[in-house]
Amino acid sequence: MNSNTFKKIITTTILAGLIVFTFTGCSSSGSPNENDSQAETRIVTDAKGEVEIPANPQRIVDISGNSDIFHILGYEVIGTANSDAYDYTKYPSYLEDILKDAAILGFSMQDTMDIEGILALDPDLIIISNVQEKMYQQLSDVAPTVMIEMAQIDWIEDFKKVASVMENEDAAEAWLVDYRQKATEAGESIKSNHGEDSTYLSFLASGGQIYIFDGAGLGSILYDDMGLSKPAGMPEQTNISLPVVTYEGLASIDADFIFAVGTPDDLAALTENPVWNSLEAVKNNNVVELPASPYFIQGYSSIGRALFLNEVEGLIDGISN
């Protein structure tokens, strides 16, 4: 994968977990099904207009990147595009257990998917994002298809809207309450053990570029959810694209602890750079190195975020002991 292609994925993938439905919902009655029993349906308004969908879909194919949210809400998808960003043929490790029975149809930031694979699954509801807009009509001929708009960087708002389209706001709110409590507790524990004013930085190293996690990915877990402090000198993330800095720009960010995400080659190149080795966090051995798969996209998944909360303090303790 070349640098330009990867950069394109980075500036769009950010939204694999960061997606928004615009809709209104109401109940209606559909036509009798093949067994002459009444099939309940309802109307949602998506990016393309009004769509009649099953009130209680049983065979959901999701290629929008929201399969983890469907699981939280009590729905198991039969087809997914929540594949690993570095290997589209497998699930990211944090979703292996919940998606093990779903067919992988591609990667959520691809504009086309395995249409034959979708057909073979005989879905009663298909969820796509605007990335796959050119497939909309073709998929609508297969089953009711809802097209969603990709959000910017407010994952909680997106989570709630996905729940609303499935009419399961209560389950979403219960999950979010539990998540917020765990995030607060994890943040307070880290502050207590590693300093109230310590600062934290996370970034992706890829192809010689440094992509800073701020308002999305791991950065939003550290800052927004856990309440940890940002270092001075950080570029601000204002849209879906991760801010990019040079090594010199990285040196101007004064972080006490660093989470460096990358492939083995990317991390090796990082550690060979003299500017990197001049950083105080590096000299103090306060760097957590994390593999690009799955940590690049883990912070864009609701389930991935929750799992990161469970391990983040152990990761910091592991370099401090």
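Look up a bit, the structure's there.
Reading the values: rules and limits
- Residues numbered from 1 in each chain as written.
- Predicted model: local features only at pLDDT ≥ 70, side-chain atom pairs only at ≥ 80, totals over all residues.
- Heavy atoms only, no water.
- Axes fitted to C-alpha atoms, helices over the stretch in contact; angles between N-to-C directions.
- Helix = DSSP H or I, 4+ residues; strand = E, 2+ residues; numbered from the N terminus.
- Parallel < 35°, antiparallel > 145°, perpendicular 65-115°, else oblique.
- Left-handed = near helix turned anticlockwise from the far one by under 90°.
- Contact = heavy atoms within 4.5 Å.
- Nonpolar A, V, L, I, M, F, W, Y, C, P; charged D, E, K, R; others polar.
- Salt bridge = Lys/Arg side-chain N within 4 Å of Asp/Glu carboxyl O.
- Buried < 20%, exposed > 50% of the residue type's maximum accessible area, 1.4 Å probe, protein only.
- Polar contact = N/O pair within 3.5 Å; in protein donor to acceptor, adjacent residues only side chain to side chain.
- Phe/Tyr/Trp six-rings, centres within 6.5 Å; stacked < 30°, edge-to-face > 60°.
- Lys NZ or Arg CZ within 6 Å of the ring centre and 35° of its normal.

> How should the packing of helix α6 (residues 155–165) against helix α7 (residues 169–194) be read in this particular structure?
Helix-helix packing is characterised by the crossing angle of the two axes and by the distance between the axes. Across the interface, α6 lies against α7 with an axial gap of 8 Å and an inter-helix angle of 155°. Classified by the angle their axes make, α6 and α7 are roughly antiparallel. Our pair here, α6 against α7, has a crossing hand that is right-handed. Within the contact between the two elements, α6 uses Trp-155, Ile-156, Phe-159, Lys-160, Ala-163 and Ser-164 and α7 uses Glu-169, Ala-172, Glu-173, Trp-175, Leu-176, Tyr-179 and Arg-180. Its residues assigned to classes, the contact of α6 with α7 shows eight nonpolar, one polar and four charged.

> Could you clarify how one ought to interpret the pattern of salt bridges in this entry?
Should their charged atoms come close, side chains of opposite charge can pair. Throughout the structure, instances matching the rule amount to nine salt bridges. Of the charged contacts in the structure, one is a salt bridge between Lys-134 and Asp-111, with a shortest N-O distance of 3.2 Å. Here the residue Lys-134 occupies a position in the loop between β8 (125–129) and α5 (136–140), and Asp-111 occupies one in the loop between β7 (103–104) and α4 (115–120), the gap between them amounting to 23 residues. Judged by relative accessible area, Lys-134 falls into the exposed class, the value being 59%.

> What exactly am I supposed to notice about the environment of Gln-58 here?
Secondary-structure assignment places Gln-58 in the loop between β4 (49–54) and β5 (60–62). Between the C-alpha atoms of Gln-58 and Val-77, which are 19 residues apart in sequence, the distance is 8.4 Å. Side-chain polar atoms of Gln-58 contact the backbone oxygen of Asn-56, separated by 2.9 Å.

> Quick question: what am I supposed to make of the packing of aromatic side chains here?
Remark: the centre distance and the inter-plane angle together describe each pair of aromatic rings, the angle taken between the planes. What the rule picks out here adds up to eleven aromatic pairs. An angle of 10° between the planes, with centres 5.2 Å apart, marks the rings of Tyr-200 and Phe-257 as stacked. Remark: Phe-257 occurs in strand β13 (residues 257–262) and Tyr-200 occurs in strand β10 (residues 200–206); sequence separation between them is 57 residues. When the centroid spacing of 5.8 Å and the interplanar angle of 80° are considered together, the rings of Phe-203 and Trp-276 count as edge-to-face. Of this pair, Phe-203 sits in strand β10 while Trp-276 sits in helix α11 (residues 274–277); the two residues are 73 residues apart in sequence, bridging distant segments of the chain. Given a relative accessible area of 3%, Trp-276 falls into the buried group. One aromatic cluster is present, built from ring pairs that chain together Trp-155, Phe-159, Trp-175 and Tyr-179. One Lys or Arg, Lys-48, reaches over the ring of Tyr-136 and ends 5.3 Å from the middle of that ring.

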